[in-house]
Amino acid sequence: MKSQTRKTILTQGARLVYAKGFNHTGIGEILKAANVPKGSFYHYFASKEDFGLALIDHMAAWAASVGDAALHDPDATPLTRLRNYFQAYADRLEQNGFYGGCPVGNLCQEMSDQNERFRQRLESILEQMREKIGQCLLQARQSGEVSPDIDIDTTAGFILSAWQGTLLQAKALKSAAPLAAFRQMVFDRLLKSGPSCHGQS
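Described below are features of the structure shown in this document. (Residues numbered from 1 in each chain as written. Predicted model: local features only at pLDDT ≥ 70, side-chain atom pairs only at ≥ 80, totals over all residues. Heavy atoms only, no water.)

### Examining the pattern of salt bridges
So the rule is basically this: Any Lys or Arg side-chain nitrogen located within 4 Å of an Asp or Glu carboxyl oxygen qualifies as a salt bridge. Helix and strand labels come from DSSP, where a helix needs a run of H or I of at least four residues and a strand needs a run of E of at least two; each type is numbered from the N terminus. For every residue, the accessible area obtained with a 1.4 Å probe (protein chains only) is divided by the maximum for its type, and the residue is called buried under 20%, exposed over 50%, and partly exposed between those limits.
The final tally for this structure, using the stated rule, is nine salt bridges. Lys-132 is the salt-bridge partner of Asp-68, the closest N and O atoms lying 2.9 Å from each other. Taken together, the residues span a long stretch of sequence, with Asp-68 in helix H4 (residues 48–71) and Lys-132 in helix H7 (residues 116–143) at a distance of 64 residues. Overall, the relative accessible area of 27% leaves Lys-132 in the partly exposed class.

Here is the structure:
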């Protein structure tokens, strides 16, 4: 029962923080949405910071659930899996009217300068995302879908950075144009198979 209530608090917290940001969402507001008495907050979390760290993990798992299925599609090639991974997020963003964006990216912008423990946790999650991209690129290199001399680590990091910037622009412009530009530049230019000047990873 305790674990289920804790999960409900995190789920409602994630929904509200996604819409309003961490600093503009009160604990009382979250507990009310979760139908949990305000005085019992510390029964589930040691502190507000402890809650925030758990919320980051919860929102990261929520975000990952959108695209991870594409990364494990046994019927798709590595590069197709990677393309479908980003397309799943692009589709979700368009369906939401370009509202919200990446929960992890949003928290990075809001909290990285305010709390070092939050920043470290977010850095770890971004690294996990980069590793997922890198694994697909490594498999694509092994299968000949991309240039054999592509630098996996640098390219994966660049793609992740480009993607986060793409989501920011799509939100600001309320337009799919940045998403289309990302697909073109990454998959039709950067990852196009052929001679490359990338360094060996």
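### Observations regarding the packing of aromatic side chains
Note the cut-off: For Phe, Tyr and Trp, rings pair up if their centres lie within 6.5 Å, where Trp contributes its six-membered ring, and each pair is then called stacked (planes under 30 degrees apart), edge-to-face (over 60) or tilted (otherwise).
In this structure the tally under the stated criterion is 12 aromatic pairs. Summarising the aromatic geometry, the rings of Tyr-18 and Trp-62 are spaced 5.1 Å apart at their centres and angled 75° between planes, so their arrangement reads as edge-to-face. One end of the pair, Tyr-18, is in helix H1 (residues 2–20); the other, Trp-62, is in helix H4, and 44 residues separate them in sequence. The partly exposed category is assigned to Trp-62, whose relative accessible area is 33%. Aromatic pair Phe-86 and Trp-163: ring centres 5.0 Å apart, planes at 55°, arrangement tilted. Highlighted residues: Phe-86 in helix H5 (residues 78–95) and Trp-163 in helix H8 (residues 152–173), separated in sequence by 77 residues. This pair shows no difference in class: Phe-86 is buried, exactly as Trp-163 is.

### A word on helix H6 (residues 103–111)
Stated precisely, the cut-off is as follows: Contact definition: two residues touch when any of their heavy atoms are within 4.5 Å.
Where burial is concerned, most of H6 is hidden: seven out of the nine residues are buried. Among all positions of H6, only Pro-103, Val-104, Gly-105, Leu-107, Cys-108, Glu-110 and Met-111 are buried. Contacts from the buried residues of H6 go to H1, H4, H7 and H8.

The values are spatial; any link to function lies outside them.
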